[in-house]
Amino acid sequence: MNISEYLKAERSQSWREELRKSVKAADRTRRERVTMPEQEAAIRATNHLEVNLGLSEEQAVNEAVRCLDCADPTCISGCPVNINIPKFIKYIEGRDFLGAARTLKETNALPAVCGRVCPQEEQCESKCFYKLKLKKTPVAIGNLERFAADRERTSGNIFVPQIATSNGIKVSVVGSGPAGLAAAGDLAKLGYDVTVFEALHEIGGVLKYGIPEFRLPNIIVDVEIENLRKMGVRFETNFIVGKTATFDDLRAEGFKAFFIGSGAGLPNFMNIRGENHIGVFSSNEYLTRVNLMGAARPECDTPVLSGKNVAVIGGGNTAMDSVRTAKRLGADHAMIVYRRSMDEMPARKEEIHHAQQEGVEFLCLHNPVEYLADEKGRVQQMRVQKMELGEPDASGRRRPIPVKDSEFLIAVDTVVVSVGVSPNPLVAKALPALETTRWGTVVVNQENMQTAIPDVFAGGDIVRGGATVILAMGDGRKAVAGIHAYLKGMI
Ligand SMILES: Cc1cc2nc3c(=O)[nH]c(=O)nc-3n(C[C@H](O)[C@H](O)[C@H](O)COP(=O)(O)OP(=O)(O)OC[C@H]3O[C@@H](n4cnc5c(N)ncnc54)[C@H](O)[C@@H]3O)c2cc1C
Ligand code: SF4
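Residues numbered from 1 in each chain as written. Chains lettered and ligands numbered in written order. Predicted model: local features only at pLDDT ≥ 70, side-chain atom pairs only at ≥ 80, totals over all residues.

**A short note on the domain arrangement of the protein chain**
Working step 1: Taken domain by domain, the protein chain holds domain 1 (3-37 + 51-155), domain 2 (170-265 + 422-487) and domain 3 (269-419).
Working step 2: Averaged C-alpha coordinates put domain 1 and domain 2 at centres separated by 29 Å.
Working step 3: Among the elements that make up the side of domain 1 that touches domain 2, the one with the highest residue count is helix α9 (residues 111-117) (5 residues).
Working step 4: Classifying every residue of the side of domain 1 that touches domain 2 by side-chain character gives 11 nonpolar, no polar and 2 charged. (Domains from an automatic or database assignment. Helix = DSSP H or I, 4+ residues; strand = E, 2+ residues; numbered from the N terminus. Nonpolar A, V, L, I, M, F, W, Y, C, P; charged D, E, K, R; others polar.)

See the structure below:
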């Protein structure tokens, strides 16, 4: 059965047909999208608690009623892991919330995470019938995904996927971010003996050390990790593959294949004067110190300097997370400095909107050219230059061009540089036969994620550069299909 035959058969089940008939399509489409409740901006800017509060049961059911259970569910084509979206939403309409969560887990190992951080507005929701044909606000697929996953978690009745009988074959996963976790789950389901090696002391990758608690509480990630443990996945923390042990050491221990999901954790800098002054951080360091090392707490051994005038350089999700964190650490002025205009900003619209509500200032069409320090070497001022937009560049966005004689100084005591990331070169150095690009990303066969080394597969940010959680997970899953085929001698 192919995917469309499968979807058709599922849709024709009597409970779905009855639900469809229970409310006329015209009545469904007349309804307005339910808004996600959130903490008030002035209050949330002073705490680290989650901003979005989640839908109530009634709100979720009301939103689910809007979904038309389309014969051609275009929304699915916008989901990188092809969740059966109408099916899980119709379970919510029918108040079978655990059924909804199980449907999500058929293809998505981390629905509570994705319901919170996926850019649904560019993915499934952008392909919803409401948006494409009715020119209305799409069904709130992400908010419903989050609702169903949270309901399952709080029910205490968390579904542990069935796993095949152990085949005794050892497979190693390098890195415990979303790519590694998705791969580990799928490998366990197939009966492999899986060990995840993680360089840090915490499991979860960027989900833990990057994305702040006010967007993705760590407890949400921990529940998913606990589920993987229940499926038999083993985790080794403080273990750097390539340093603590080499790939050959692990092969000697009996590992027959590897999935590398080691991400892109190496921060880029602009290489301008003064970037090494005290008080200039990379966003990776800044966020990791707060998220993993408790640096927001005054009693912490390695506190983040809680600046009063904080400038965050960049316009992506990481920049938005950093500037909103600075606000929560007590900055009087927390400012985004971005070289293009608001229209080109790559961060999710929701994050920009939330940052604006929380009082973050935006200095667009400006770029820092130098940082100046006081006599103790601590950053004190930033020289910025005005920019204007020229023709579109390779990314399709209009190229920023410096405006001559437009420089001026801004007082700052903390700067967070958030201008992109690259893969850490350690893995590539540990495996010289690995083929890499000039950006340091690993080259794979896109069909099965196999690298130039037959027993090594890779996916997520180490292959794509900084991308998204769901794409990393999709890669992890695709790689498992590749590993399975490799270990069966089929590739
Ligand atoms: C601040 C921030 C906010 C973001 N916000 C969003 C968002 O809202 N929505 C979204 O979809 N995406 C977002 N992203 C991007 C997303 O988080 C990443 O694309 C995704 O986490 C990549 O997953 P990964 O598994 O490839 O790598 P990672 O999550 O980076 O995990 C890699 C793991 O491998 C470990 N590791 C590295 N080298 C080794 C080694 N040699 N041995 C053992 N372990 C190793 C690392 O310590 C790390 O834990 C954000 C990223 C950041 C930094
Ligand atoms: S396209 Fe929109 S309305 Fe149709 S099934 Fe998907 S979510 Fe429901």
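Read on, since the account is not over.
**Considerations on the sheet that holds strand β2 (residues 193-197)**
Working step 1: In space, the 5 strands of this open sheet follow the order β3-β2-β1-β4-β16, with parallel pairing throughout. Only two strands of the sheet have a single neighbouring strand rather than two, namely β3 (234-236) and β16 (456-458). Between one strand axis and the next, the sheet turns through 25° on average, direction left out of account.
Working step 2: Strand direction decides the pairing type here: β2 and β3, joined by 3 bridges, are parallel. Across the sheet, the residue bridging to Val196 is Phe235, located in β3.
Working step 3: Contacting β1 (170-174), β2 and β4 (255-260), helix α12 (residues 178-189) runs over the sheet at an angle of about 165° to β2.
Working step 4: Across the sheet, helix α21 (residues 469-487) lies against β1, β4 and β16, angled at about 160° from β4, the strand it touches most. (Pairing = 2+ DSSP bridges. Axes fitted to C-alpha atoms, helices over the stretch in contact; angles between N-to-C directions. Contact = placed C-beta atoms within 7 Å.)

**What to know about the pairing of strand β10 (residues 366-373)**
Working step 1: Pairing between β10 and strand β11 (residues 379-392): 7 bridges, direction antiparallel. Note on β11: the bridge partner recorded for Ala373 is Val379.
Working step 2: In textbook terms, the turn of a hairpin is the stretch between consecutive antiparallel strands, and for β10 and β11 this stretch comprises 5 residues, one of which, Gly377, has a positive phi near 85°.

**Regarding the pairing of strand β12 (residues 398-402)**
Working step 1: Bridge count for β11 against β12 is 4 bridges, and the pairing is antiparallel. Note on β12: the bridge partner recorded for Glu388 is Ile401.
Working step 2: Between the end of β11 and the start of β12, which pair antiparallel, lie 5 residues, with Gly396 showing a positive phi angle near 90°.

**Regarding the packing of helix α5 (residues 57-66) against helix α11 (residues 141-155)**
Working step 1: Contact pair α5 / α11: the axes reach a minimum separation of 10 Å and the direction vectors enclose 135°. In terms of axis orientation, α5 runs oblique to α11. Relative to α11, the crossing made by α5 is left-handed. Note on element contacts: α11 touches α5 through Asn143, Leu144 and Phe147, opposite Ala60, Glu63 and Ala64. (Parallel < 35°, antiparallel > 145°, perpendicular 65-115°, else oblique. Left-handed = near helix turned anticlockwise from the far one by under 90°.)

**Here we look at the site of ligand 2**
Working step 1: Around ligand 2 there are 14 residues in total, and Cys67, Cys70, Cys75, Pro86 and Cys128 lie nearest to it.
Working step 2: For the shell around ligand 2, the secondary structure elements donating two or more residues are α6 (74-77), α7 (85-93) and α10 (129-132).
Working step 3: When grouped by side-chain class, the residues that make up the shell around ligand 2 number 12 nonpolar, 1 polar and 1 charged. (Near = placed C-beta within 6 Å.)

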